[in-house]
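# Notes for the structure review
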Amino acid sequence: MKEKTTAIALVALWVLGWGVGGSLIDAGLIRAEVYSLEGGQVGTLITFVLWSLLWGGLGLKLWQRRGSGGSQDAHPEEGAP
């Protein structure tokens, strides 16, 4: 049960980081006048897609490093001699 709670907390924090990070990047680019919301939202879309790919890729890499999603941690007796 503890493993599931930890996994849920990690995913929730990851989604929060994705949303806050993307919003901060978007706001910074708008403030720096890289693009403006009056001219459509293509800049926001590009920021969203690039940030999602970067953040998602980092998340997958860290999850794999953790040990294939913790499947071995959940059942340590499996595979033991």
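Up top is the structure these notes are about.
Heads up: these notes are all about the structure in this document. (Residues numbered from 1 in each chain as written. Predicted model: local features only at pLDDT ≥ 70, side-chain atom pairs only at ≥ 80, totals over all residues. Heavy atoms only, no water.)

## Remarks on the packing of aromatic side chains
Evaluation of the coordinates by the stated rule reveals three aromatic pairs. With 5.6 Å between their ring centres and 70 degrees between their planes, Trp18 and Phe48 make a pair best called edge-to-face. In this pair, Trp18 sits in helix α1 (residues 2-31) while Phe48 sits in helix α2 (residues 42-65), placing the two residues 30 residues apart along the sequence. With relative accessibility at 29%, the residue Trp18 sits in the partly exposed group. Ring geometry for Trp51 and Trp55: centres 5.1 Å apart, planes at 25 degrees, overall stacked. In this pair, Trp51 and Trp55 are both assigned in helix α2, four residues apart and thus about one turn of the helix distant. Here Trp51 falls in the buried class, since its relative accessible area comes to 15%. (Phe/Tyr/Trp six-rings, centres within 6.5 Å; stacked < 30°, edge-to-face > 60°. Helix = DSSP H or I, 4+ residues; strand = E, 2+ residues; numbered from the N terminus. Buried < 20%, exposed > 50% of the residue type's maximum accessible area, 1.4 Å probe, protein only.)

## A short note on the side chain of Asp26
Along the chain, Asp26 turns up in helix α1. Among buried charged residues, Asp26 stands out as having no salt bridge; its nearest opposite-charge side chain is Arg31, 13 Å away. Separated by 3.5 Å, the side chains of Asp26 and Thr44 make a polar contact. In contact with Asp26, other than residues within four places in its own chain, are Tyr35, Thr44 and Thr47. (Lys, Arg positive; Asp, Glu negative; His and termini not counted. Salt bridge = Lys/Arg side-chain N within 4 Å of Asp/Glu carboxyl O. Polar contact = N/O pair within 3.5 Å; in protein donor to acceptor, adjacent residues only side chain to side chain. Contact = heavy atoms within 4.5 Å.)

## Comments concerning unusual backbone geometry
Here the phi dihedral of Glu33 falls at roughly 60 degrees; this positive angle occurs in a residue that is not glycine. Assignment of secondary structure puts Glu33 in the loop between α1 and α2. Under the relative-accessibility criterion, Glu33 is labelled exposed at 70%.

## Description of α1
Spanning 30 residues, α1 covers 43 Å between terminal C-alpha atoms, matching the ideal 44 Å at 1.5 Å per step. Those residues of α1 that fall on the buried side of the exposure criterion are Ala7, Gly21, Gly22 and Asp26. Downstream of α1 by one or two residues, Glu33 has phi in the positive range, about 60 degrees. (Expected span 1.5 Å × (residues − 1).)

## Let's talk about the packing of α1 against α2
Where α1 contacts α2, the two axes come as close as 10 Å, and the packing angle between them is 150 degrees. It follows from the interaxial angle that α1 and α2 lie roughly antiparallel. Two packed elements cross with a definite hand, and for α1 against α2 that hand is right-handed. Contact residues: Ala7, Leu10, Trp14, Gly17, Trp18, Gly21, Gly22, Ile25, Asp26 and Leu29 in α1; Thr44, Thr47, Phe48, Trp51, Ser52, Trp55, Leu58, Gly59, Leu62 and Trp63 in α2. (Axes fitted to C-alpha atoms, helices over the stretch in contact; angles between N-to-C directions. Parallel < 35°, antiparallel > 145°, perpendicular 65-115°, else oblique. Left-handed = near helix turned anticlockwise from the far one by under 90°.)

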